[in-house]
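So the chains spell out like this:
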Amino acid sequence: MPAHSPDILVVVPARHGSTRFPAKPLAPIRGGDGVMRPLIQWSWEAAMQVADRARVVVATDDHRIADTVRGFGGDAVMTPTDVANGTERCAAVLDALTEQPDLVVNLQGDSPLVPRVALDALIDAWCVRPAPVLTPYLVCDTATGGLLLADQRAGRVGGTTVVADQAGNALYFSKQPIPHGLPDGAGLKLHLGLYAYTPAALRAYAEWPPGALEQAEGLEQLRFLERGVPIRLVAIDRPRAGFWEVNHPADVAIVEHALALRQQVAG
């Protein structure tokens with residue numbers, strides 16, 4: 001365990017040019033209170049759940065996103081336009097800082113439903129036993145697993161799943177439901193769009209070219225596995241309101257339903 005309270009930075013990477021969902025960070029999402037907020041604000045609010053133990057910044061290459069973030073009171077950092085993914089964007093943030101954090105947490109800009117328990121579990125796991133990279137997952141019930149299988153049948157890119165070795169490290173990630181053979185999806189491990197890295201791991205990642213598996217799956221974290229860097233998995237309990245990421249426009253309705261359910265649970 002670190003001898004001091006670690007300096008933690010939560011980065012919310014967001015880009016405007018998504019091919020599946022252009023201008024996705026600025027897409028309006030209706031909350032349980034009926035108020036429309038841009039997706040990036042919901043993801044920023046998810047990150048701000050741990051503002052008592054971490055700094056929070058949005059990293060973007062688009063001034064429209066940066067202006068929106070500053071408009072609702074967030075801190076935005078401009079990053080280069082040529083970064084390939086959110087992990088590289090997190091690495092670019094380090095170059096803009098005068099003081100380096102002990103740990104960088106990446107909460108992706110399309111992950112508005114990340115619960116505080118996931119953030120705390122990730123940070124606490126690193127504090128107890130530091131590692132270069134950690135990421136959380138939840139075990140699907142039939143409802144969540146069914147959504148993953150429905151996306152697969154419809155030819156849509158849904159949530160990412162992960163399979164683990166017996167030591168609790170990731171063996172592989174895929175945008176397809178893996179392992180195959182779970183007919184109702186129950187038991188699939190749904191990967192949450194959340195990572196924790198040491199600055200050294202981030203900087204090394206940014207120096208490596210994308211590997212064949214990363215390019216085939218379109219999943220940035222596979223670059224670590226291809227380079228032999230283990231990714232420790234952290235299990236969390238399924239949130240009562242569910243969890244889903246905004247990968248394409250059809251996901252907006254799912255997220256809005258979850259936000260409404262969250263409002264009911266909180267009330």
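The model shown is predicted, which means the values in this text are computed figures rather than measured ones.

Remarks on the pattern of salt bridges
Here is step 1 of the chain: Summed over all chains, the structure comprises 14 salt bridges.
Here is step 2 of the chain: Between Asp61 and Arg89 there is a salt bridge; the shortest N-O distance is 3.7 Å. On the criterion of sequence distance, the pair formed by Asp61 in the loop between strand S4 (55-60) and helix H2 (63-71) and Arg89 in helix H3 (residues 86-95) is long-range, its members being 28 residues apart.
Here is step 3 of the chain: In this structure, Arg223 engages Glu214 in a salt bridge whose closest nitrogen and oxygen atoms are separated by 2.8 Å.
Here is step 4 of the chain: Residue classification places Glu214 among the buried residues on the basis of a relative accessible area of 7%.

Side note on the packing of aromatic side chains
Here is step 1 of the chain: The tally for this structure, following the rule as stated, stands at five aromatic pairs.
Here is step 2 of the chain: Ring centres of Trp208 and Phe224 lie 6.3 Å apart, and the angle between their planes is 85°; on these two criteria the pair is classed as edge-to-face. One end of the pair, Trp208, is in the loop between helix H6 (199-207) and helix H7 (212-217); the other, Phe224, is in helix H8 (residues 222-226), with 16 residues separating them in the sequence.
Here is step 3 of the chain: Residue class for Phe224 comes out buried when judged on its relative accessible area of 2%.
Here is step 4 of the chain: The rings of Tyr195, Tyr197, Tyr205, Trp208 and Phe224 are connected pair by pair, giving a single aromatic cluster.

Here is what the cut-offs are and how they apply
Residues numbered from 1 in each chain as written. Predicted model: local features only at pLDDT ≥ 70, side-chain atom pairs only at ≥ 80, totals over all residues. Heavy atoms only, no water. Salt bridge = Lys/Arg side-chain N within 4 Å of Asp/Glu carboxyl O. Helix = DSSP H or I, 4+ residues; strand = E, 2+ residues; numbered from the N terminus. Buried < 20%, exposed > 50% of the residue type's maximum accessible area, 1.4 Å probe, protein only. Phe/Tyr/Trp six-rings, centres within 6.5 Å; stacked < 30°, edge-to-face > 60°.

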